[in-house]
Amino acid sequence: MPGILCEHCTGYCCRYIALPIDEPDGKKDFDDIRWYLLHEGVAVFVEDGEWFINIQTTCRHLQPDYRCGIYETRPQICRDYSTQNCDYHSGDYGWEQHFTAPEHLDEYVQLHAAEKRLKTDAKRSVRKARDKNRQKQKMRAGLKVRLRRKARQLAAGYVTAE
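Reference entry: report on the structure contained in this document. What you are looking at is a predicted structure, and each value in this text was computed from that prediction instead of being measured. (Residues numbered from 1 in each chain as written. Predicted model: local features only at pLDDT ≥ 70, side-chain atom pairs only at ≥ 80, totals over all residues. Heavy atoms only, no water.)

## Examining unusual backbone geometry
The condition that has to hold: The way it works is that DSSP assigns letters per residue, a run of H or I at least four long becomes a helix, a run of E at least two long becomes a strand, and they are numbered from the N terminus. Burial status follows relative accessibility: with a 1.4 Å probe on protein chains alone, a residue under 20% of its type maximum counts as buried, one over 50% as exposed, and anything between as partly exposed.
The phi torsion at Asp48 lies on the positive side, around 55°, for a residue other than glycine. The residue Asp48 is located in the loop between β2 (42-47) and β3 (50-56) in this model. By relative accessible area, which is 66% here, Asp48 ends up exposed.

Printed below as a string of structure tokens:
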């Protein structure tokens, strides 16, 4: 299989680099990613919850026939590449997100902000309901204490029943 697959290879894996970046956490981080996306040949993607910057750039040792010009001394990252994770073979990258333009990121940020607001509102509602229940429990507990006190006082003859 490797020989057959490599005969059809277009060297796609040799025409980009993808590097992990920190997950954006705030306006400045998203603005930095927006800046990346303003450049030609740059994309950002999210895979398995991890963020990556993808830069389209060709390895200087990729030959016109898409073979490696330094195959015997190629870097370990190239050696670790196999037909199992070959870009030509798979085609499905399984990205959760893929941004190729600032507008794509802007849409994500708006959606992300709306989802965050919904989660915050839901948490606030749950907290409010929980606080209300606690307040009711305290009121019931206070009423029980008053009723017991009243019962003891009645039993001891300190007060008369109303």
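## Comments concerning the pattern of salt bridges
Filter applied, for reference: Salt bridges are defined by distance alone: a side-chain nitrogen of Lys or Arg within 4 Å of a carboxyl oxygen of Asp or Glu.
Inspection of every chain in the model, using the stated rule, returns 2 salt bridges. A salt bridge links Asp106 to Arg34; its shortest N-O distance comes to 3.8 Å. Here the residue Asp106 occupies a position in helix α5 (residues 102-156), and Arg34 occupies one in helix α2 (residues 27-37), the gap between them amounting to 72 residues. Assessed through its relative accessible area of 31%, Asp106 is described here as partly exposed.

## Quick notes on the environment of Ile33
For clarity, the cut-off: What makes two residues a contact is simply this: any of their non-hydrogen atoms within 4.5 Å.
In this fold, Ile33 is placed in helix α2. Sequence spacing of Ile33 and Phe99 is 66 residues, and the spatial spacing of their C-alpha atoms is 9.5 Å. Residues contacting Ile33, with those up to four places away along its chain left out, are Ile21, Pro24, Val44, Trp51 and Leu105.

This is a description of form; function is not addressed.
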